[in-house]
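What follows is the residue order along each chain.
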Amino acid sequence: MACLAESAKRGALQLQRRGSALSRALALSRVGQLRARGHLQRKQPSVRPRRPGRKGGGIMELKKDINAVSIDMLLIVHSEKRRAAQGFQGIGNGVRRWQKLEGNDLHGTQLTVEVHPRDAMPQLLKKFSLAKRLQGDKNGNTRPRQPGGKDAHAYPWDRSSLKSMSLDLRQFEKLDLYASQVTAKSGLDELVSDLLQEAHTDLERVRAIWIWICHHIEYDIAAAQEKDRQAFKPTDILRTQKTNCDGYAGLFERMCRIAGVQCITVPGYSKGFGYQTGQSFSGEFDHAWNAVYLEGRWHLVDSTWGSGLVDTTTSKFTFLYNEFYFLTHPALFIEDHFPDNKNWQLLKPPQSLRQFENNMYHKSEFYNKGMLSAHPETSMIRTVNGKATVTIESCAPTLFMFMLNGKQEHGLLSLRKNGMKLEVYPPTMGTHKLQIFAKGNSDIYSSVLEYTLKCNYVDMGVRLPAELHQPVGPSWFSEQMGIMKPSHPDPIIHTSDGRCSISFSVEEGINVLASLHGDDGPITEETQRRYIFQLHWEKRTELKVQLPHAGKFALKIFVKKRQEPGNYIFVFNYLLCCANTKVNWPMFPESFGNWGQDNELLEPLSGVLPANRNIPFKLKLHGIAKVLVKGQDTWPLTLNHEGYWEGSCSTAGCQEVYVMVLENANHNFYSYILKYKVNAQ
């Protein structure tokens, strides 16, 4: 046995000199017809790559036995740094916290001995051969290479790609579908073997493993909340199909290594579930992810966050695949992942923990929906004269919305062809939460940015109507909806006398509807459209607006395709401002369904007529045989050479005046198209 122990020690030292004392460093020693009185006891047979900068010594234990045995030996020398969870303090980022083991639980380089029948090929070697694993470099070194200069990407992000290597995701469509449908029938080795049936390169092998984990392993919130829970074993994860972040990372690493791809687990801090803008990080690490070696370079993946998310209100996990965390560009990955070793940032220059804490956090959806940059670049904004401004640049036209303290109020959001501009006016001094959402190509708005606003001054003169929705002002979106060439391209319109006229071209077959909204009476749901009178001329629509009083109003614009059923769709609004306290305009006359889209009213525009007066009428109507104005008596209007119906009517002895039309000269049925009220005498 002394000979055996000495042989093993020499093998270990030789491997260490060659730099092969890491995961998957393999030494095969044929001891031959050795008969010994004893057997070998293995310690920690797992094969895992060490983390940077850790060293250890060899361990081998022998137990005496009276029986002599004939054995062959397969020696594997590797080092291993262990981190395991020893307590979870709150749900935090939705992951179990890591803690270093001390004393006898911390193992360094180990010597693992596998015993197998004589003249039989070692089972572990079979696995290596099957997956074509452990292809060494020119020196025969098979350990994972530590990250170096060739792995580092420039910081900040150069906008070239969301990925750390050139990818066309369409090449994975068939593989993704296959991998997502593979079921775990027995053990981990068999599962990996099944996944690799359609994978022919290391990249495809990693992709198949990633897709399978993201579509089959559920985040175990209950386990994350338990204290003193030991690390998840891959076999247990496969059985329950539940785990937490270190379980995800450990399973991914194990499957990659079975597939013959170098992979390590990276612990660190994260800005995930439960993260508060501007918070600091200290103590135990709260997350784990992976680095995988492909095409001569290290790359980063996070299968925990790739699989789904935890609802902040219900604390329930939902499968929701997120492509962003597969081979993420390191300059983007660092926004929400800070590793325990700066080398695994894969950045040049690396970022400090203080920079990680202070840098703006762009959520994955920020990049998934085509955002490029945002300003300010810090998560905390101080208002200037009661206002904070945020701008976002996107690679394509995108719809945005915002919420201040959970409400869509106190801000002006205008769309641009490649982004948006938001001006926010907090209603009170103090700290406020600003969330920005983007729609992208989906029908769902997703949160992309969060800011904390610090306001030390409130400008009471900039109070905005509660009904001022987003966006404000015409944009690429209004053009897309059929409204073009507006007379007022700016979102804010100032009027000194309380009146304004807004016009724009309208695409053929589009109906337009407008309504006026203010915070102070007398506007109600019934009368909000009566302060707007809509006219059509020369393929343009004109909106004549009269304000009931001084103040700020939201003028909302809606559209609807004429031939399609359904409701009108909100497109944008203007902010109308009037400081003249003498303004007190009445409503326009009430119009009925027979008032055609191409009709035009010149006078009277006021919906309230004076009593005992002779009131002139002038309007243009199309396809009409006769027009009457009815009060106490009935007065006909005549058609002049310009195509206008003209005439007058007395308001004596009546409370209401109607304009009626006869569409067919052969009929005697008149339809009401306009209604006026008469002031009391």
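The present account deals with the structure reproduced in this document.

1. Things to note about the packing of helix H4 (residues 188-195) against helix H8 (residues 245-258)
- Close contact between H4 and H8 brings their axes to 10 Å; oriented N to C, the two are set at 65°. Our classification of the angle between H4 and H8 gives roughly perpendicular. Helix-helix and strand crossings are classified by hand; for H4 and H8 the assignment is right-handed. In contact with Leu188, Asp189, Leu191, Val192 and Leu195 of H4, H8 contributes Leu251, Arg254, Met255 and Ile258.
- Considered class by class, the residues forming the contact of H4 with H8 number seven nonpolar, no polar and two charged.

2. Quick notes on the packing of aromatic side chains
- According to the stated counting rule, one finds 25 aromatic pairs in the structure shown.
- Measuring from centroid to centroid gives 6.0 Å for Trp289 and Phe333, while their planes differ by 70°, and the two rings are edge-to-face. Placement of the pair is Trp289 in strand E12 (residues 287-294) and Phe333 in helix H10 (residues 330-333), with a sequence separation of 44 residues. There is no split in this pair, since Trp289 and Phe333 are both buried.
- Aromatic side chains Tyr325 and Phe333 sit 6.5 Å apart centroid to centroid with 75° between the ring planes, which places their arrangement in the edge-to-face category.
- Overall, Phe333 belongs to the buried group, its relative accessible area being 2%.
- Through pairs of rings, three or more aromatic residues link up here, namely Trp157, Trp289, Trp305, Phe324, Tyr325, Phe333, Phe366 and Tyr367.
- It is Lys618 that lies over the ring of Tyr644; its NZ or CZ is 5.0 Å from the centre.

3. Things to note about unusual backbone geometry
- With omega at 0°, the peptide bond leading from Lys348 into Pro349 counts as cis.
- Along the chain, Pro349 falls in the loop between strand E18 (347-348) and helix H11 (353-358).
- That bond from Gln470 to Pro471 is cis: its omega, 5°, falls within 30 degrees of zero.
- Within the secondary structure, Pro471 sits in the loop between strand E26 (446-455) and helix H13 (476-480).
- Backbone geometry places Gln241, a non-glycine residue, at a positive phi of 55°.
- Following the sequence through the fold, Gln241 ends up in the loop between helix H7 (234-240) and strand E10 (242-243).
- Residue Lys485 is not a glycine yet carries a positive backbone phi of 50°.
- Lys485 sits in the exposed class, given a relative accessible area of 63%.

4. Some thoughts on the sheet that holds strand E23 (residues 411-416)
- Pairing in this open sheet of four strands is antiparallel, and the strands run E19-E21-E24-E23 from one edge to the other. Of all strands in the sheet, those with a lone pairing partner are strand E19 (371-375) and E23, marking the two edges. The average undirected angle you get between the axes of adjacent strands in this sheet is 15°.
- Sheet topology note: the E19/strand E21 (residues 388-394) ladder contains four bridges and is antiparallel. Residue pairing across strands places Met371 opposite Ser394, the latter belonging to E21.

5. Side note on the environment of Lys387
- In this structure, Lys387 sits in the loop between strand E20 (380-382) and E21.
- For Lys387, a relative accessible area of 29% translates into the label partly exposed.
- Residues Lys387 and Glu423, 36 residues apart in the sequence, show an inter-C-alpha distance of 6.7 Å.
- Ignoring sequence-local partners within four residues, the contact set of Lys387 consists of Glu423, Val424 and Tyr425.

6. Re the side chain of Ser307
- Structurally, the position occupied by Ser307 is in helix H9 (residues 303-307).
- For Ser307, the side chain forms a polar contact with the main-chain oxygen of Thr304, separated by 2.8 Å.
- The residues touching Ser307, leaving out its near neighbours within four places in the chain, are Cys214, Ile217, Tyr248, Phe317, Thr318, Phe319, Leu320 and Tyr321.

7. Quick notes on the sheet that holds strand E34 (residues 569-578)
- Spatially, the four strands line up as an open sheet ordered E28-E34-E33-E30, and their pairing is mixed. The strands lining the two open edges of the sheet, one partner per strand, are strand E28 (492-494) and strand E30 (510-518). Strand-to-strand twist in this sheet, taken as the mean axis angle between neighbours without regard to direction, amounts to 25°.

8. Re H4
- Within H4, burial applies to Leu188, Leu191, Val192 and Leu195. Viewed end-on, H4 has its buried residues packed into an arc of 95°, placing them on one side of the element.
- Buried residues in H4 make contact with helix H3 (173-181), helix H5 (202-216), H7 and H8.

9. Let's talk about the pairing of strand E41 (residues 645-650)
- Pairing analysis gives six bridges linking strand E38 (residues 614-620) to E41, with the strands arranged antiparallel. Opposite Phe617, over in E41, you have Gly647 as the bridge partner.
- One ladder, built from two bridges, connects strand E40 (residues 634-639) with E41; its direction is antiparallel. Counted as the bridge partner of Leu639 is Trp645 from E41.
- Here E40 folds back onto E41, and the loop between the two strands holds five residues, one of which, Gly643, carries a positive phi near 90°.

10. Digging into the pattern of salt bridges
- Applying the stated criterion to the full structure yields 19 salt bridges.
- Residue Glu323 pairs with Lys163 through a salt bridge whose shortest N-O separation is 2.8 Å. Within this pair, whereas Glu323 is found in the loop between strand E15 (317-319) and strand E16 (326-328), its partner Lys163 is found in the loop between strand E8 (153-154) and H3, the two being separated by 160 residues in sequence.
- Among the residues examined, Glu323 registers a relative accessible area of 16% and is labelled buried.

11. Some words on the state of the cysteines
- A complete count under the given rule lists zero disulfides for this structure.
- Looking at Cys577, it has no disulfide partner, and the nearest cysteine sulfur is the one in Cys578, 9.0 Å off.

12. Quick notes on H5
- Between its first and last C-alpha, H5 extends 21 Å over 15 residues, near the 21 Å set by a 1.5 Å rise per residue.
- Of all 15 residues in H5, 13 are buried; the element is thus mostly enclosed.

13. Describing the nonpolar core
- Counting residues in hydrophobic clusters, the biggest one holds 124 residues, and the most contacted among them are Met255, Ile436, Tyr451, Leu555 and Leu576.
- Take this core: its biggest share by element is nine residues, from H5.
- If we ignore the near neighbours within four places in the chain, the residues touching Leu576 are Ile493, Cys500, Leu516, Val545, Leu547, Gly551, Lys552, Phe553 and Leu555.

14. A look at the environment of Trp635
- With respect to the helices, strands and loops of the structure, Trp635 is situated in strand E40.
- Under the relative-accessibility criterion, Trp635 is labelled partly exposed at 24%.
- Setting aside chain neighbours within four positions, we find Trp635 in contact with Val627, Leu628, Val629, Ser648, Cys649 and Ser650.

15. Topic: the packing of H5 against H8
- It is the contact of H5 with H8, at a shortest axis distance of 10 Å, that shows an interaxial angle of 145°. Considering only the axes of H5 and H8, their crossing is right-handed. Here H5 contributes Val206, Ile209, Trp210, Trp212 and Ile213 to the contact with H8, which in turn contributes Tyr248, Leu251, Phe252, Met255 and Cys256.
- By residue class, the composition of the contact of H5 with H8 is ten nonpolar, no polar and no charged.

What counts, and at which threshold
- Residues numbered from 1 in each chain as written.
- Predicted model: local features only at pLDDT ≥ 70, side-chain atom pairs only at ≥ 80, totals over all residues.
- Heavy atoms only, no water.
- Axes fitted to C-alpha atoms, helices over the stretch in contact; angles between N-to-C directions.
- Helix = DSSP H or I, 4+ residues; strand = E, 2+ residues; numbered from the N terminus.
- Parallel < 35°, antiparallel > 145°, perpendicular 65-115°, else oblique.
- Left-handed = near helix turned anticlockwise from the far one by under 90°.
- Contact = heavy atoms within 4.5 Å.
- Nonpolar A, V, L, I, M, F, W, Y, C, P; charged D, E, K, R; others polar.
- Phe/Tyr/Trp six-rings, centres within 6.5 Å; stacked < 30°, edge-to-face > 60°.
- Buried < 20%, exposed > 50% of the residue type's maximum accessible area, 1.4 Å probe, protein only.
- Lys NZ or Arg CZ within 6 Å of the ring centre and 35° of its normal.
- Pairing = 2+ DSSP bridges.
- Polar contact = N/O pair within 3.5 Å; in protein donor to acceptor, adjacent residues only side chain to side chain.
- Arc of directions from axis to C-beta.
- Salt bridge = Lys/Arg side-chain N within 4 Å of Asp/Glu carboxyl O.
- Disulfide = S-S within 2.5 Å.
- Expected span 1.5 Å × (residues − 1).
- Core = buried A, V, L, I, M, F, W, Y, C linked by side-chain atoms within 4.5 Å.

Structural measurements only, silent on function.
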